[in-house]
Amino acid sequence: MKKKALVHRRPSWDEYFLEMAGLVAKRSTCLRRSVGAVIVREKRILATGYNGAPSGLEHCVEIGCIRQKLKIPSGERHELCRALHAEQNALIQACLHGISVKGATLYATTQPCVICAKMLINAGIKEIVISEGYPDKMAMSFLKQAKIKIRKV
């Protein structure tokens, strides 16, 4: 008697790494948006990051969100936020551990803002794969000018 093969659909690599970015986002301490980022090269994870306050500082979940209190719309006045963005934290983690991200792909739950876009350009990220958009046209313009491929999955 022949055994029946189990039907199992493996996620694509994009789905796999975006799901990981979603898991990383669960560590976020931001009250407004949970974002996760995973930097990958040759199907290997180099670094991860989520949005939250710098190490050792109080998080917004503990003391509140100044941007929320001031009713600042999403995508504006990033300098007033206590948190580092997920993309920034992923880049910093790679740097702390001496890992080059040149030529890598960033998987993120949300499109990068212009500040993160500039950092990703200078870090040598070649492609960005996102789950959802973000209201920052300048970021998209910069990424396009830098010839960084961005895909929404």
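Nothing here was measured: the structure is a model prediction, and the numbers come from that model.

**Q** Could you give me a rundown of the pairing of strand β4 (residues 127–132), with the residues and numbers involved?
**A** Across five bridges, strand β3 (residues 105–110) lies against β4 in parallel orientation. Looking across to β4, one finds that Thr110 is bridged to Glu132. Where the polypeptide runs from β3 across helix α5 (residues 114–123) and back to β4, its parallel neighbour, the crossover connection is right-handed. Strand direction decides the pairing type here: β4 and strand β5 (residues 149–152), joined by four bridges, are parallel. Opposite Ile130, over in β5, you have Lys152 as the bridge partner. At this point the chain moves from β4, through helix α6 (residues 137–145), to the parallel β5, and the crossover so formed is right-handed.

**Q** Go over the nonpolar core with me, naming the residues and quoting the values.
**A** Within soluble globular proteins, side chains that are nonpolar generally end up buried alongside one another. Core analysis: the largest hydrophobic core is formed by 22 residues, its most contacted members being Ile39, Val101, Leu106, Ile125 and Ile128. For this core, the secondary structure elements donating two or more residues are β1 (36–41), β2 (44–50), α4 (86–96), β3, α5, β4 and α6. Here this core gets four residues from one element, more than from any other, and that element is α4. If sequence neighbours within four positions are ignored, Ile39 has contacts with Arg44, Ile45, Leu46, Ala47, Ala90, Leu91, Val101, Ala104, Thr105, Leu106 and Ile125. Among the nonpolar cores identified, the runner-up in size contains eight residues, and Ala21, Val24, Val40 and Tyr107 belong to it.

**Q** Provide a residue-level description of the packing of α4 against α5, including the pertinent values.
**A** As a packed pair, α4 and α5 sit with axes 9 Å apart at the nearest point and diverge in direction by 30 degrees. Relative to α5, the element α4 lies roughly parallel. Handedness of the α4/α5 crossing: left-handed. Each of Glu87, Gln88 and Leu91 in α4 lies in contact with α5, whose residues at this interface are Ile115, Cys116, Met119, Leu120 and Ala123.

**Q** With reference to specific residues and values, describe the environment of Cys95.
**A** Checked against the element boundaries, Cys95 lands in helix α4. Classification of Cys95 as exposed rests on a relative accessible area of 62%. C-alpha of Cys95 to C-alpha of Cys30: the two residues are 65 residues apart in sequence and 23 Å apart in space.

Conventions used here
- Residues numbered from 1 in each chain as written.
- Predicted model: local features only at pLDDT ≥ 70, side-chain atom pairs only at ≥ 80, totals over all residues.
- Heavy atoms only, no water.
- Pairing = 2+ DSSP bridges.
- Helix = DSSP H or I, 4+ residues; strand = E, 2+ residues; numbered from the N terminus.
- Right-handed = clockwise from strand over helix to strand, strands pointing away.
- Core = buried A, V, L, I, M, F, W, Y, C linked by side-chain atoms within 4.5 Å.
- Buried < 20%, exposed > 50% of the residue type's maximum accessible area, 1.4 Å probe, protein only.
- Contact = heavy atoms within 4.5 Å.
- Axes fitted to C-alpha atoms, helices over the stretch in contact; angles between N-to-C directions.
- Parallel < 35°, antiparallel > 145°, perpendicular 65-115°, else oblique.
- Left-handed = near helix turned anticlockwise from the far one by under 90°.

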